[in-house]
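Given next are the chains, with one letter for each unit.
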Amino acid sequence: MSPKRDFKVVGHSVPKVDGMALARGGALFCADLLPDGCLYARVLRSPHAHARIKSIDASEAEKMPGVHAVIHHGNLPRVMRTTAGQGAPEPSPYDFTTFDVKVRFVGDRVAAVAAESPELAEAAIAAIRVEYEQLEALFDPRRAKQPGVPVIHDEPDCKVVIPIPYEPGRNLASHVDMQVGDMEQAWGEADVVVDREYVTQYAQHTPIEPHVCLAEPLADGRLRITTSTQVTFHVRRIVAQALEWPVSRLHVVKPRIGGGFGAKQEVLIEDVAAFLALRSGRPVFFELDRSEEFLSRTRHPMIIRLKTGMKSDGSLTGVDMDVLSNTGAYGTHGLTVSCNCGSKVLPLYRWPRIKFQAESVYTNLPVGGAYRGYGATQAYFAMEVQMDEMACTIGMDPLDFRLKNHIRKGETSPVFKALGEGSEGVEQSIGSTGLAQCIKKGARAIGWKRKRGKPGKGPIKRGLGMCTLMQGSSIPEVDMGAASIKMNEDGSFNLLVGATDLGTGSDTVLGQVAAEVLGVGMDKIVVRSSDTDVTPFDVGAYASSTTYLSGEAVRKAALDVARQIKKVAADMLGVSHRDCELEGGAVVAGAGKSVSLAEIAMRSLYEKDQHQIAAHASHITHKSPPPFSAHFAEVEVDCETGLVKVRKYVAAVDCGTAINPRLAEGQTEGGVLNGISYALCEEYLFDEKGRMRNDSFRDYKIFSTRDLPELVTILVPTYEPTGPYGAKSVSEICINGPMPAISNAIFDAVGVRLRTAPFTPERVLAALDAKGAE
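The rules behind each value
- Residues numbered from 1 in each chain as written.
- Predicted model: local features only at pLDDT ≥ 70, side-chain atom pairs only at ≥ 80, totals over all residues.
- Heavy atoms only, no water.
- Helix = DSSP H or I, 4+ residues; strand = E, 2+ residues; numbered from the N terminus.
- Rg over C-alpha atoms; globule rule 2.2 N^0.38 Å.
- Buried < 20%, exposed > 50% of the residue type's maximum accessible area, 1.4 Å probe, protein only.
- Contact = heavy atoms within 4.5 Å.
- Areas by Shrake-Rupley, 256 points an atom, 1.4 Å probe, with all protein chains shown as cover.
- Lys, Arg positive; Asp, Glu negative; His and termini not counted.
- Charge placed at Lys NZ, Arg CZ, Asp CG, Glu CD.
- Core = buried A, V, L, I, M, F, W, Y, C linked by side-chain atoms within 4.5 Å.
- Domains from an automatic or database assignment.
- Axes fitted to C-alpha atoms, helices over the stretch in contact; angles between N-to-C directions.
- Parallel < 35°, antiparallel > 145°, perpendicular 65-115°, else oblique.
- Nonpolar A, V, L, I, M, F, W, Y, C, P; charged D, E, K, R; others polar.
- Pairing = 2+ DSSP bridges.
- Buried area = accessible area lost by both parts, 1.4 Å probe.
- Disulfide = S-S within 2.5 Å.
- Polar contact = N/O pair within 3.5 Å; in protein donor to acceptor, adjacent residues only side chain to side chain.
- Phe/Tyr/Trp six-rings, centres within 6.5 Å; stacked < 30°, edge-to-face > 60°.
- Lys NZ or Arg CZ within 6 Å of the ring centre and 35° of its normal.
- Left-handed = near helix turned anticlockwise from the far one by under 90°.
- Expected span 1.5 Å × (residues − 1).
- Salt bridge = Lys/Arg side-chain N within 4 Å of Asp/Glu carboxyl O.

(A) Focus on the overall build of the protein chain. Of the regular secondary structure elements, the protein chain holds 19 helices and 26 strands. In terms of overall size, the protein chain behaves like a compact globule, its C-alpha atoms giving a radius of gyration of 27 Å where 774 residues would be expected to give roughly 28 Å. The principal-axis extents of the C-alpha atoms in the protein chain amount to approximately 90 × 75 × 50 Å. Burial status across the protein chain gives 62% buried among its 774 residues. Look at the contacts in the protein chain between residues 6 or more apart in sequence, and 81% of them connect residues 24 or more apart. A total accessible area of about 27400 Å² is found for the protein chain, and carbon and sulfur atoms account for 51% of it. The centroid of the 87 positive side-chain charges in the protein chain is displaced by 4 Å from the centroid of its 94 negative side-chain charges.

In structure tokens form, the structure reads like this:
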């Protein structure tokens, strides 16, 4: 694609296609769509972290008036699978079934009911009697592979469906490693070697709308599932697995979503609702409450050991990253999240020698899953704090240190091939990068040269910190997106996409791509997405893929439609189709010749050589071009209380062409605030039996607009030749910056390095006390 820049629709901040309906409170969400006669589902959850179910007596619940179905392991088929919404065959282990004879964390499923009201469903759950054999629990991931510890998955039918390391008998859910070069040579050539450990914590996505779905038996024997999901087609496939049905009997629809952030890249509740609907013959509505949402899926806690070497001039000699990821009770996303710790982080700098190892291990704690950033968030904390320390050790400005060592356009990294998310990885070079401009523009906006190293007097100190980042765009050679477009009599177009808009505005962005090709405004594009009976296939909203992957499918379909339009117009105008251009809702051919799209549509549908002008296209990517970003944080640290406040935050982002700049800025600002919250306060607290103690918003603090610092977003335009109109991804990268940037700013303010998150007042005071005791 040539780097055309004079766009008419692309690159403009057009309003979201669903914006007015959302502002008016339209009935757009799953809970707005309940039919008459709907039943309500509730789940009985385990009070134990590790136990075997000796018996279940559901007879009292089944006899209660208004209770229409009770399900548990004793009356359902045992079908092993994964809940991870990933492309098939999935890289996550098949270690889960709807209900099992064993529970593996506090909150694991035991049984479910469907009843006439939520209150009656709760009463029915309370009437179920369960006898447990309690087992020793494992909470420490460092002990997970030691001899004699509890084995969490001892069932003989857990397995992986692709050839990857998997040893459930050792609590090993996944393993990956790679090495390039001689590491002893790396350390021997180095003037400075830094070897540190970093610890990141459990955190939850906390979407305002929790997991919610509606399952409805249809008159034709099919089942319709309306669900708040990021992965509509994966839901259909995985629920079909559970039911042992062909996918043709399932119709899955995604309404509007009240937040996902990765949590809804999981098929967590749809199987329960489906079984209950089929048993009862009635529609069943299932919505997690907030405490259940906290125990649904989480960010993987990690322990990262990072060893790096450099020469006294700042040249890098080698890096060794070792990741221990706690996947919790089930292995969803365990391999791919830990791979991302390397694949999205190590290529950022030009390391001549690289060693990487990552393992995810089972414990009897809540389950890790997909979360915005997807492993890069944890690993960038380690890498960017360590890069800051290395620069300071040799007296080099951390900004200059990064400018010296970051990857350039045209360069590559062996990590792309070794740790790529595709089945064999992908060899690729950097086709576009604006990282140097991001660093320089961000530094000016934060006042780097003027403010850094000047903490001030008194108990409240100020500091600046920064970091640099890259991510990816899609999973190359694996995931596919498709789109179809048809023309209507008035010159408007229906755009059908399987891609999932989870509030990010992807319906709008994809509509803009189509409108740009077809020479019309957004008022002529009618977008429908994520309906397995109507829209073409798409893997869904994950891996920063929608704009880059699905957008190119839309562009290809629109080009085919444009070709057909030009052919009809050429016949109408008596010119060659090569002389025709689409602009302003018409086809123009020079010398004052033009015909409107409405006239062309009427001609093709009613008058001559009648046919439907329409096309569909699919797209699979062959690269995963990284967006780049530089983040800068200005903090205040109260040395008497330990409280850290972010006063100003600057995020400079290269996402190629921003198809919709306002939406790109919104993605950046949302990710930054999410990341600040994760860095400063979000953390799961457990008692000695593995029960979460702060599973409500009363006790689990998340940042809101009241906590928002001064936030500056700078879009640095580049042009990615493999993306639609030069676009790359933007949705994930900016959550990765706050934790390292804030840690580095705290060091600039008070001279202590925080390597365990979050940076609570207690941890800050402990670090200050330790510094004072030296």
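(B) Layout of the nonpolar core. Core analysis: the biggest nonpolar cluster contains 109 residues, and M321, F356, M383, F632, I742, I746 and F759 have the highest contact counts within it. Ranked by the residues each element gives to this core, the list is headed by helix α9 (residues 376-393), at 10 residues. A domain split of this core shows at least three residues from each of domain 3 (154-204 + 297-430) and domain 4 (432-473 + 624-774). Leave out the neighbours within four places in its chain, and I746 touches V635, V637, V644, G751, V752, L754 and F759.

(C) Layout of the packing of helix α15 (residues 546-573) against helix α16 (residues 597-607). Here α15 crosses α16 at 90°, and the two axes come no closer than 10 Å. Accordingly, the angle class assigned to the pair α15 and α16 is roughly perpendicular. Here I565, V568, A569, D571 and M572 of α15 come into contact with α16, specifically with L597, E599, I600, R603 and S604. A per-class count over the contact of α15 with α16 returns six nonpolar, one polar and three charged.

(D) Highlighting the sheet that holds strand β11 (residues 250-253). An order of β3-β5-β1-β12-β9-β10-β11 is seen for the seven strands of this open sheet, with the pairing classed as mixed. Each edge of the sheet is formed by a strand with only one pairing partner; in this case those strands are β3 (67-72) and β11. Put simply, the sheet's adjacent strands are angled 20° from each other on average, direction ignored. Those strands touched by helix α5 (residues 232-243) are β10 (223-227) and β11, and its axis lies near 145° from that of β11. Each of β1 (39-45), β3, β5 (109-115), β9 (212-217), β10 and β12 (284-287) touches helix α6 (residues 270-280); the most contacted strand, β3, lies at about 130° to it.

(E) Geometry of the domain arrangement of the protein chain. The domains assigned to the protein chain are domain 1 (19-27 + 480-620), domain 2 (33-135 + 221-277), domain 3 (154-204 + 297-430) and domain 4 (432-473 + 624-774). Of note, the centres of domain 1 and domain 4, computed from C-alpha atoms alone, are 39 Å apart. Facing the 15 residues of domain 1 at the interface are 18 residues of domain 4. When domain 1 packs against domain 4, close to 1300 Å² is buried across both sides, 62% of that on carbon and sulfur atoms.

(F) Just unusual backbone geometry, in detail. The amide bond that connects A88 to the next residue, P89, takes the cis arrangement and shows omega of -5°. Turning to its location among the elements, P89 is positioned in the loop between β3 and β4 (102-103). Notably, F261 is not glycine yet its phi reads approximately 60°, a positive angle. Relative to the helices and strands, F261 is located in the loop between β11 and α6.

(G) Spatial organisation of the sheet that holds strand β25 (residues 644-654). Spatial strand order, β16-β24-β25-β26: four strands in an open sheet with mixed pairing. Sheet topology places β16 (460-470) and β26 (710-715) at the edges, where each strand pairs with a single neighbour. Ignoring which end each strand starts from, the neighbouring axes of this sheet average 10° apart. Relative to β25, strand β24 (residues 628-638) runs antiparallel, the two being bridged by 10 bridges.

(H) Summary view of the state of the cysteines. Taken as a whole and assessed by the stated rule, the structure comprises zero disulfides. Cysteine C213 is unpaired, with the sulfur of C30 as its nearest cysteine sulfur at 6.5 Å. With a relative accessible area of 0%, C213 lands in the buried category. The cysteine C438 is free of any disulfide, with C734 supplying the nearest cysteine sulfur at 9.1 Å.

(I) The side chain of N364, seen in detail. Tracing the chain through its elements places N364 in the loop between β15 (354-362) and α9. Among the residues examined, N364 registers a relative accessible area of 0% and is labelled buried. Separated by 3.4 Å, the side chain of N364 and the backbone oxygen of A49 make a polar contact. Beyond its immediate sequence surroundings of up to four residues, N364 is in contact with A49, H50, R104, F105, E136, A137, L138, F139 and I152.

(J) Inspection of the packing of aromatic side chains at higher detail. Taken as a whole and assessed by the stated rule, the structure comprises 16 aromatic pairs. Against the face of Y678 rests R299, its NZ or CZ located 5.0 Å from the ring centre.

(K) Spotlight on the side chain of T206. One can find T206 in the loop between β8 (192-200) and β9. Not counting residues up to four positions away in its chain, the partners in contact with T206 are R290, F294, F697, Y700 and I702.

(L) Quick peek at the packing of α5 against α6. The interhelical angle for the contact between α5 and α6, taken along N-to-C directions, is 55°, at an axis separation of 10 Å. Overall, the two elements α5 and α6 adopt an arrangement that is oblique. The two elements α5 and α6 cross, and the hand of that crossing is right-handed. On α6, the residues touching V235, V239, A242 and L243 of α5 are E270, D271, A274, F275 and L278. For the contact of α5 with α6, the class distribution of residues is seven nonpolar, no polar and two charged.

(M) The arrangement of helix α17 (residues 661-680) in detail. Between the first and last C-alpha of α17 there are 29 Å, a value that for 20 residues agrees with the 28 Å anticipated at 1.5 Å per step. Burial analysis of α17 places 15 of its 20 residues in the buried class, the great majority of the element.

(N) Just the pattern of salt bridges, in detail. Within this structure, the stated rule accounts for 46 salt bridges. The partner of E189 in a salt bridge is R353, and the shortest N-O contact between them spans 3.1 Å. You can see E189 sitting in helix α4 (residues 183-189) and its partner R353 sitting in the loop between α8 (334-343) and β15, a full 164 residues away along the chain. R353 sits in the buried class, given a relative accessible area of 11%. For E209, the salt bridge identified is with K264, shortest N-O distance 3.1 Å. Here E209 is found in the loop between β8 and β9, whereas its partner K264 is found in the loop between β11 and α6, with 55 residues between them in sequence. Classification of E209 as buried rests on a relative accessible area of 11%.

(O) Quick peek at α6. Counting buried positions along α6 yields nine of 11 residues, so the element is predominantly enclosed. Looking at α6, one finds that the buried residues are E270, D271, V272, A273, A274, F275, L276, A277 and S280.

(P) Summary view of the environment of K16. With respect to the helices and strands, K16 occurs in the segment before α1 (19-23). Separated by 732 residues in the primary sequence, K16 and D748 place their C-alpha atoms 41 Å from one another. Sequence-distant contacts of K16, defined by excluding residues within four places in its chain, comprise G503, G505, T508 and L663.

(Q) Inspection of the pairing of β5 at higher detail. Summarising burial for β5: seven of the seven residues are buried, a large majority. One ladder, built from six bridges, connects β1 with β5; its direction is antiparallel. From the neighbouring strand, V43 faces β5, where its bridge partner is A112. Bridging between β3 and β5 involves five bridges; their strand directions are antiparallel. Residue pairing across strands places V70 opposite V113, the latter belonging to β5.

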